[in-house]
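# Observations on the model geometry
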Amino acid sequence: MYNKIDLDRIDINLAPPLEEPDRQYYFIAKCRELIREFGQKNGRFPTACIQTFGCQMNSRDSEKLLGVLKEIGYQESDSEEADFVIYNTCTVRENANLKVYGRLGFLQTRKKKNPNMLIALCGCMMQEQQVVEKIQKSYRFVDIIFGTHNIYKLAELLYQRMQSGKMVVDLWKDTANIVEDLPNQRKYPFKSGVNIMFGCNNFCSYCIVPYVRGRERSRNPQDIVREITGLVADGVSEIMLLGQNVNSYGKNLDKPVSFAELLKEIEQIEGLKRIRFMTPHPKDFSNELIEVMKSSHKICKQVHLPVQSGSSRILKLMNRHYTKEQYLALVERIRTAMPEVSFTTDIIVGFPGETEEDFEETLDVVKKVRFDSAFTFIYSKRTGTLAAEMEDQVPEEIVGKRFDRLLHEIQKISAELTKEREGKIETALVEEINVQSQEFVTGRLSNNLLVHFKGDASLIGKLVSVKLKESKGFYYIGELV
Ligand code: 5AD
Ligand code: SF4
């Protein structure tokens, strides 16, 4: 856990240390000097805005970036008119890339008005060679480009940019390193993501993640427990353990540890109230994990279990290593152990070669499992993946129609499930004052749905019992009991 370092004790006139994280502390101190000079000259501290695209991994990475910037002396801003703008990018679907290019145009106009402005791009999209070449050629006003493996180097790269005045590009193909103990600035005081592993070895045929996030690396269990203990001491009640495939956690450690064993250790942390995790892969969801979930008082009885498709033929082409029947059997196994469990999922529509029959298999899984909710995606061709080379890409109009049918089915089932729970008393973690009405607070239930009920700010961060009085489709109006 990062314990606030005393930057004043670092001698910035010496050569930079070679070891991490000391090297980054040194560059944070160096940058801080330059930012102080800026402050004296301009009568204000510079502002920084981080825009995060994509998944919870990226959100957690952005908290780390912000932690470093705050130590340096930047003031956080949510406006892209800031002095330093960072885009933490995603490339899982093409749309995400297009969004970034579109917004870079806007940033260029901003930079013309504020020539001291700095722009950095990092994250998954930057791990793609053709993207970086395009930016270096057509977006010369970008100041810093870095990737997913070296986000911990922000201070060093920023210092390099401020000294050289030139575009800094630092990209690594892969890494075996995990740098611990860097600052981070949480978005919420009472809940936090916690990385347990990085990278992915699965190579699902549609997915770019293994190429941009590299091979699987697990953090040591002691480091994870130490971080969570520190978070709890700092007011965190709920954690979300993050990894691209949490079930393969610990396999590559010197002393292998299973994900279930890690969960058992985390359960012991006093003061921690709720544990969530994402994402488990259906192919290796162990009985040991089911048992640990069942006997836990802290692990939320909700499983995000991406199915991707209901057709065994398509699942094979996707390289998912399970069939429709095996997926349904797993759901059954989990449900038998924990009848109250709720499931959510990810589904891709329009994978190459998907026929009407294949799609109907997906609808069938949706009807059988009855997911609480689902993230549905239109298949997006990612250059470099196996699926991009496949023939029979499905025409857009057909995919669009299937997508609408799927969404309709999912929404219908979600509404029915929320209705069924009306009248029940459940535990909610209070997250904030309701945006629409100051007399209400918003809490999150174990199954991730929101409930709004009368209450005040003193409840924020607490777990309370709430009667779910009225279902509104995707959320509830409740009452404190
Ligand atoms: N096209 C559409 N959806 C994708 N996903 C990953 N790659 C693609 C792609 N090429 C979805 C999967 C995954 C989620 C995070 O994003 O459903 O589970
Ligand atoms: Fe992508 Fe599959 Fe790895 Fe998930 S498990 S990140 S979908 S390759």
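This text gives an overview of the structure that appears in the document. (Residues numbered from 1 in each chain as written. Chains lettered and ligands numbered in written order. Predicted model: local features only at pLDDT ≥ 70, side-chain atom pairs only at ≥ 80, totals over all residues. Heavy atoms only, no water.)

## Comments concerning the site of ligand 1
Formally: Any residue with a heavy atom positioned within 4 Å of a molecule or strand is treated as near that molecule or strand. Definition of a polar contact: a pair of N or O atoms within 3.5 Å, with one able to donate and the other able to accept a hydrogen when the atoms are protein atoms, and with sequence-neighbouring residues admitted only if both atoms are side-chain atoms. Note on areas: Shrake-Rupley, 1.4 Å probe, and residue coverage restricted to the protein chains presented here. Runs of H or I in DSSP of at least four residues are treated as helices and runs of E of at least two as strands, each being numbered from the N terminus. Here the nonpolar group is Ala, Val, Leu, Ile, Met, Phe, Trp, Tyr, Cys and Pro; Asp, Glu, Lys and Arg are the charged ones; every other residue, Gly included, is treated as polar.
Around ligand 1 sit Val92, Arg93, Tyr206, Gln308, Asp346, Ile348, Phe377, Ile378, Tyr379, Ser380 and Arg382, and those are all the residues in its vicinity. The separation between a nitrogen atom of ligand 1 and a polar main-chain atom of Tyr206 is 3.0 Å. Contacts to ligand 1 include Gln308, whose side-chain N or O atom sits 2.6 Å from an oxygen atom. When ligand 1 is considered free in solution it has 400 Å² of accessible area, and contact with the protein chains removes 85% of it. When contributions to the shell around ligand 1 are tallied by element, the ones reaching two or more residues are β13 (342–349) and β14 (373–378). Taken together, the residues of the shell around ligand 1 sort by class into 6 nonpolar, 2 polar and 3 charged.

## Here's the deal with the packing of helix α2 (residues 56–72) against helix α5 (residues 154–164)
Stated formally: Angular values range over 0 to 180 degrees, each being the angle between N-to-C directions of two axes fitted as lines to C-alpha atoms, with helices fitted over their stretch in contact. In these notes the angle categories are as follows: under 35 degrees is roughly parallel, over 145 is roughly antiparallel, 65 to 115 is roughly perpendicular, and the rest is oblique. We call two residues in contact when some of their heavy atoms are within 4.5 Å.
For the pair α2 and α5, interaxial distance at closest approach is 10 Å and the crossing angle is 55°. By the angle between their axes, α2 is oblique relative to α5. Contact residues: Leu65, Val68, Leu69 and Ile72 in α2; Leu154, Ala155 and Leu158 in α5. Of the residues contributing to the contact of α2 with α5, the split by class is 7 nonpolar, no polar and no charged.

## Here's the deal with empty space enclosed by the protein
Applied cut-off: Grid spacing is 1 Å over the protein atoms alone, the probe is 1.4 Å, and a cavity is where that probe fits but cannot get out, while a pocket is an open set with protein on both sides within 12 Å along at least five of seven lines and lining residues have an atom within 4 Å of a point. Grid points are joined across faces, edges and corners, and a volume is the space filled by probe spheres set on the points.
Counted under the stated rule, the structure contains 1 cavity of 30 Å³ or more. In this structure, the largest cavity occupies an estimated 520 Å³ of space. Lys64, Ile178, Val179, Asn195 and Phe198 are the residues nearest the centre of the largest cavity, which is lined by 28 residues in total. With 5 residues, α2 is the largest single contributor of residues to the lining of the largest cavity.

## Structural notes on the sheet that holds strand β3 (residues 84–89)
Put simply, the rule is: When DSSP finds at least two bridges between two strands, those strands are taken to pair.
Read across the open sheet, the 6 strands follow the order β2-β1-β3-β4-β5-β6; overall the sheet is parallel. Whereas interior strands pair on both sides, the edge strands pair on one side only; in this sheet they are β2 (75–76) and β6 (168–170). Where strand β1 (residues 47–52) and β3 come together, 5 bridges link them in parallel fashion. If you follow Ile50 over to β3, its bridge partner there is Ile86. Strand contacts of helix α3 (residues 94–113): β1, β3 and β4 (118–123), with the helix running at about 175° to β3, the strand carrying the most contacts.

Function cannot be read off these values alone, since they describe shape.
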